[in-house]
Amino acid sequence: MNAVHVARREIKLGFRNPWSYSFLVLFTIFSLLLLLIGAQSPGGGYTSTTGSMLSLILYLLPLMTLLIGSFSLTAEKEEGSWQLLAVYPLRTSSFVFGKYAGLSLVLGAIVAFAFGASGVAGALAGGGFDLRTLLLFLAFSLLLVLLYLAVALLIGTVAANRWQALTYAVAFWFFTVIGWPTLLIASLGYLPYLWIKPALTALTLLNPAELVRLFVVVRLGGGSILGPDYYRWVEVMAGGWGPLLFAGICLAWIAGAGGIAVWAWERGRRHG
């Protein structure tokens, strides 16, 4: 048994999960509502409307990803499925990677369906966003799914049950999405001026939501609204090597969270 078998099993379970279909309906309706908002100011580039849409996606998608991903692992513990899987010659890394791959495909299919329905509806109605902006929104959503899913697996590994997973997931979502500006103001306000820019860059790299949001804002042409503290960030991400550098950062983020999850799960496996 290997990661491919775990991924196939996770895809089957994912599409049988009522949570997945609830998320599908919710996100599809949400995408259609965003289409109505976009129809008020059609075109491309970064505008107040696209900025509002990025924020709205940021509120919904990470939380849903954290809940579905973390519950998937805690369910294995509560229902005894992991004890059965542990009988097979299955490595911990294959188990976690298979979980990640299967859930990524399930969540990615949900996001793609929602934006596909939104794009078709926009084309039929003759309004909404241009193709480039819609693809950037899709990329923004998929990147959020991939990054937060890695964190969700880590949460599911640490949590003993669904209630703990729910608490940890909501806490991580709150601090990275809702409470992030307050945390920045509170932490950077005590630093010397020359330390603010390096600290801001380091803190941004630690927050997957802010990391993806800034990249998409820059690629939409809205880097000027970020202020002088992000000048170097905008310059790098707007350049030709920006997407490759960003992809490397995202891969490091996923590998780091996934590696810790594998280590923690293996540790728990050895100690019972």
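These lines cover the structure that appears in this document, whether it is placed above or below. This one's a predicted model, so the numbers in the text were calculated from it and none came from an experiment. (Residues numbered from 1 in each chain as written. Predicted model: local features only at pLDDT ≥ 70, side-chain atom pairs only at ≥ 80, totals over all residues. Heavy atoms only, no water.)

## Some thoughts on the packing of aromatic side chains
For the coordinates displayed, the defined rule picks out five aromatic pairs. An angle of 55° between the planes, with centres 5.9 Å apart, marks the rings of Phe23 and Phe27 as tilted. Here Phe23 pairs with Phe27, and both are found in helix 2 (residues 18-39), just four residues apart, close to one helical turn. Phe23 sits in the buried class, given a relative accessible area of 2%. Note on Phe27: relative accessible area 0%, which makes it buried. Note on Phe215 and Phe246: the rings are 4.0 Å apart at their centroids and 0° apart in plane angle, and the pair reads as stacked. Within this pair, whereas Phe215 is found in helix 10 (residues 208-219), its partner Phe246 is found in helix 12 (residues 242-270), the two being separated by 31 residues in sequence. Like Phe246, Phe215 is buried. Ring-pair connections join several aromatic residues into one group, and the members of that group are Phe23, Phe27 and Phe115. (Phe/Tyr/Trp six-rings, centres within 6.5 Å; stacked < 30°, edge-to-face > 60°. Helix = DSSP H or I, 4+ residues; strand = E, 2+ residues; numbered from the N terminus. Buried < 20%, exposed > 50% of the residue type's maximum accessible area, 1.4 Å probe, protein only.)

## Side note on the pattern of salt bridges
Per the counting criterion, the structure on display carries four salt bridges. Here Glu10 ties to Lys99 by a salt bridge, and the two come within 2.7 Å at their closest N and O atoms. Here Lys99 lies in helix 5 (residues 92-125) and Glu10 lies in helix 1 (residues 3-16), a separation of 89 residues in the sequence. The same class applies to Glu10 as to Lys99, namely buried. Among the salt bridges present, the one from Arg213 reaches Glu210, with a minimum N-O distance of 2.8 Å. One end of the pair is Arg213 and the other is Glu210, both in helix 10 and three residues apart, which spans about a single turn. Shared partners join several salt bridges into a network, and the residues in it are Arg9, Glu10, Glu76 and Lys99. (Salt bridge = Lys/Arg side-chain N within 4 Å of Asp/Glu carboxyl O.)

So yeah, pure geometry; function would need other evidence.
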